[in-house]
Amino acid sequence: MSAAADLIRIAGDARTVAVSGHVRPDGDCVGCCMAAALYLEKACPQLKADILLESVPEELVGNIPYTERILTDRAAARDQYDLFLCVDTAPERLGCFRDLFDSAGRTANIDHHISNRGGGMVNVIDPAAGSACEVLYTLMDPAQIDRDIAVSLYVGIVTDTGVFRYSSTSPETHRIAAALLEHDFDHASIVRDVFYVKSFARNKVMGAALMSAQSRLGGRLITCMLSAAQREACGATEADVDGISAQMALTRGADCAILASETADGNWRCSLRSNGITDVSVIAAQFGGGGHQRAAGCTVSGDAEDILLEMECLAAMQLESAVPRI
Ligand SMILES: [Mn+2]
């Protein structure tokens, strides 16, 4: 632990603290906010923390402790805080709570995004860390961590490492997770509930999409088409198709997967995933979308068969010019 930047030192003599993160918060964001708030209130008896987030994903309620304390309404927050702690993002993405960051007596920014140049008076940003929770842990005295804090940090670490699958998972990630597990919580149930349990409609629509899967380019590209009627027959919303392209990419021999899902207004929302050879952001960009090398998206009007055929050609060009994997 760096004595110069530990969380208690950052809090100083603050009595009112706002802890907040990015809009559309995920498990790392919520877990990091909750862990920071609980830790500071435990270590600094004079301090009262408000956790400010625009929403709480339903799978986190009941799996991260005290989510009912989260204030989602800007009007429920104080007029001003002694300290504003911004986690898992630069202050630009604080949404409706941004002005409270600007008006706070002091500000601190704890994050792991490489793009974050540090918008707080104190900045602890470690792009090598797999999650904001991992960064936060290094600012804590392990002796002060209790079960609730441990669970919050664990959910964050597990979220941002994709249950320890992503390349951001380091030996240190596992060491921290191991230390947290000493607090004897039901990690198996949390991981199942937060990451694998889906609504009936979501599972059903994934089945419907996969039934239409087509293997192209000798199995290196998998595509699916899902009409709005098919989706609605499963009782699924447009958001319920998230995760289908990632599942398609888990086909042996495939490098690229594309789901074309029809939106309510008759366009095709395309979700692209790559296992590392194809840069799907290049394909999405051709259709006015964007994203990352391994995950990208775009919304296109026209005939889905034609769109997928065009995308197949773009993927083929990339795969042909790529150095073959031995
Ligand atoms: Mn994160």
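Everything below is about the structure shown above.
The rules behind each value
Residues numbered from 1 in each chain as written. Predicted model: local features only at pLDDT ≥ 70, side-chain atom pairs only at ≥ 80, totals over all residues. Heavy atoms only, no water. Axes fitted to C-alpha atoms, helices over the stretch in contact; angles between N-to-C directions. Helix = DSSP H or I, 4+ residues; strand = E, 2+ residues; numbered from the N terminus. Parallel < 35°, antiparallel > 145°, perpendicular 65-115°, else oblique. Left-handed = near helix turned anticlockwise from the far one by under 90°. Contact = heavy atoms within 4.5 Å. Nonpolar A, V, L, I, M, F, W, Y, C, P; charged D, E, K, R; others polar. Patch = residues over 30% accessible without salt bridge, like charges linked within 9 Å, V, L, I, M, F, W, Y side chains within 5 Å. Areas by Shrake-Rupley, 256 points an atom, 1.4 Å probe, with all protein chains shown as cover. Salt bridge = Lys/Arg side-chain N within 4 Å of Asp/Glu carboxyl O. Lys, Arg positive; Asp, Glu negative; His and termini not counted. Charge placed at Lys NZ, Arg CZ, Asp CG, Glu CD. Pairing = 2+ DSSP bridges. Expected span 1.5 Å × (residues − 1). Buried < 20%, exposed > 50% of the residue type's maximum accessible area, 1.4 Å probe, protein only. Core = buried A, V, L, I, M, F, W, Y, C linked by side-chain atoms within 4.5 Å. Right-handed = clockwise from strand over helix to strand, strands pointing away. Phe/Tyr/Trp six-rings, centres within 6.5 Å; stacked < 30°, edge-to-face > 60°.

Enquirer: I'm lost on the packing of helix α2 (residues 27-43) against helix α5 (residues 147-160) in this one. Help?
Expert: Axis angle and axis distance: for two packed helices, these are the angle between their axes and the distance between the axes, and together they describe the pair. For the pair α2 and α5, interaxial distance at closest approach is 8 Å and the crossing angle is 155°. By the angle between their directions, the pair α2 and α5 is classed as roughly antiparallel. With respect to the hand of their crossing, α2 and α5 are arranged in left-handed fashion. From α2, G27, D28, G31, M34, A35, L38, Y39 and K42 reach across to α5, where they touch D148, I149, S152, L153, V155, G156, T159 and D160. Looking at side-chain class alone, the contact of α2 with α5 contains 7 nonpolar, 5 polar and 4 charged residues.

Enquirer: I would appreciate a short explanation of a negative patch on the surface in the present structure.
Expert: A cluster of acidic residues, D303, E305, D306 and E310, forms a negative patch on the protein surface. Structurally, E305 is set in helix α12 (residues 304-321).

Enquirer: In this structure, what is going on with the sheet that holds strand β4 (residues 106-111)? I would like to understand it.
Expert: Remark on secondary structure: sheet strands pair via backbone hydrogen bonds, oriented parallel or antiparallel. Read from one edge of the open sheet, 5 strands run β2-β1-β3-β4-β5, paired in parallel fashion. Edge strands, defined here as strands with exactly one partner in the open sheet, are β2 (48-52) and β5 (122-125). In this sheet, neighbouring strand axes are inclined to one another by 15° on average, regardless of whether the strands run parallel or antiparallel. Set on the sheet, α2 makes contact with β1 (16-20), β2 and β3 (83-87); between it and β2 the angle comes to about 170°.

Enquirer: I would appreciate a short explanation of α2 in the present structure.
Expert: Given 3.6 residues per helical turn, the α-helix brings residues three or four places apart onto the same face. With 17 residues, α2 should reach 24 Å at 1.5 Å per residue; the first-to-last C-alpha distance of 24 Å fits that figure. Most of α2 is tucked away: 14 of the 17 residues are buried.

Enquirer: Explain the pattern of salt bridges to me, please; I cannot follow it from the model alone.
Expert: Pairing is possible between side chains that carry opposite charge, provided their charged atoms lie close to one another. Taken as a whole and judged by the stated rule, the model has 11 salt bridges. Between D50 and K48 there is a salt bridge whose closest N-O contact spans 3.3 Å. We classify K48 as partly exposed; its relative accessible area is 40%. D102 is the salt-bridge partner of R98, the closest N and O atoms lying 3.4 Å from each other. Here R98 and its partner D102 are both found in helix α3 (residues 98-103), 4 residues apart, which amounts to about one turn of the helix. Assessed through its relative accessible area of 28%, R98 is described here as partly exposed. Take D102: its relative accessible area is 51%, and that puts it in the exposed class. Overlapping salt bridges, with partners in common, bring together K48, D50 and R78 in one network.

Enquirer: So what exactly am I meant to see when it comes to the packing of α5 against helix α6 (residues 171-181) here?
Expert: Packing of α5 against α6 brings their axes to within 9 Å, and their N-to-C directions diverge by 150°. One way to sum up the angle between α5 and α6 is to call them roughly antiparallel. α5 and α6 meet at a crossing whose hand is left-handed. The residues of α6 that touch α5, namely those facing A150, L153, Y154 and I157, are T173, I176, A177, L180 and L181. Residue composition of the contact of α5 with α6, by class: 8 nonpolar, 1 polar and no charged.

Enquirer: What should I look at first to understand the environment of C32 in this one?
Expert: You can see C32 is positioned in helix α2. Sequence spacing of C32 and G289 is 257 residues, and the spatial spacing of their C-alpha atoms is 31 Å. Setting aside residues up to four positions removed in sequence, C32 forms contacts with G27, V87, A132, C133 and L136.

Enquirer: What is the right way to read the nonpolar core from this model?
Expert: If you look at soluble globular proteins, the nonpolar side chains tend to sit buried side by side. By size, the foremost hydrophobic cluster in this structure holds 55 residues, and its most contacted members are L7, L85, I110, L136, M140, L153 and L180. Counting residues per element, this core draws most heavily on α2, at 11 residues. Here L153 is in contact with G31, A35, C133, L136, Y137, M140, I145 and L180, once residues within four sequence places are set aside. Counting residues in each nonpolar core, the second largest holds 20 residues, with I258, L272, A284 and A315 among its members.

Enquirer: Got a minute to help me understand the pairing of β4 in this structure?
Expert: Residues in a regular strand project their side chains so that they alternate between the two faces of the sheet. With 5 of its 6 residues buried, β4 lies for the most part within the structure. The sheet contact formed by β3 and β4 spans 5 bridges and is parallel. When the sheet's bridge partners are listed, L83 is paired in β4 with R106. You can see the chain leave β3, run along α3 and come back into β4, and the turn it takes is right-handed.

Enquirer: I would appreciate a short explanation of the packing of aromatic side chains in the present structure.
Expert: Each aromatic ring pair is characterised by the separation of its centres together with the angle its planes make. Summed over the entire model, instances satisfying the criterion amount to 3 aromatic pairs. Between Y154 and F185, the aromatic rings sit 5.2 Å apart at their centres with planes inclined by 65°, giving edge-to-face as the arrangement. Note that Y154 is positioned in helix α5 and F185 in the loop between α6 and α7 (187-196), a separation of 31 residues in sequence. Its relative accessible area of 5% is what places Y154 among the buried residues. By relative accessible area, F185 is classed as buried at 7%. Through a chain of ring-to-ring contacts, the aromatic side chains of Y154, F164 and F185 assemble into a single cluster.

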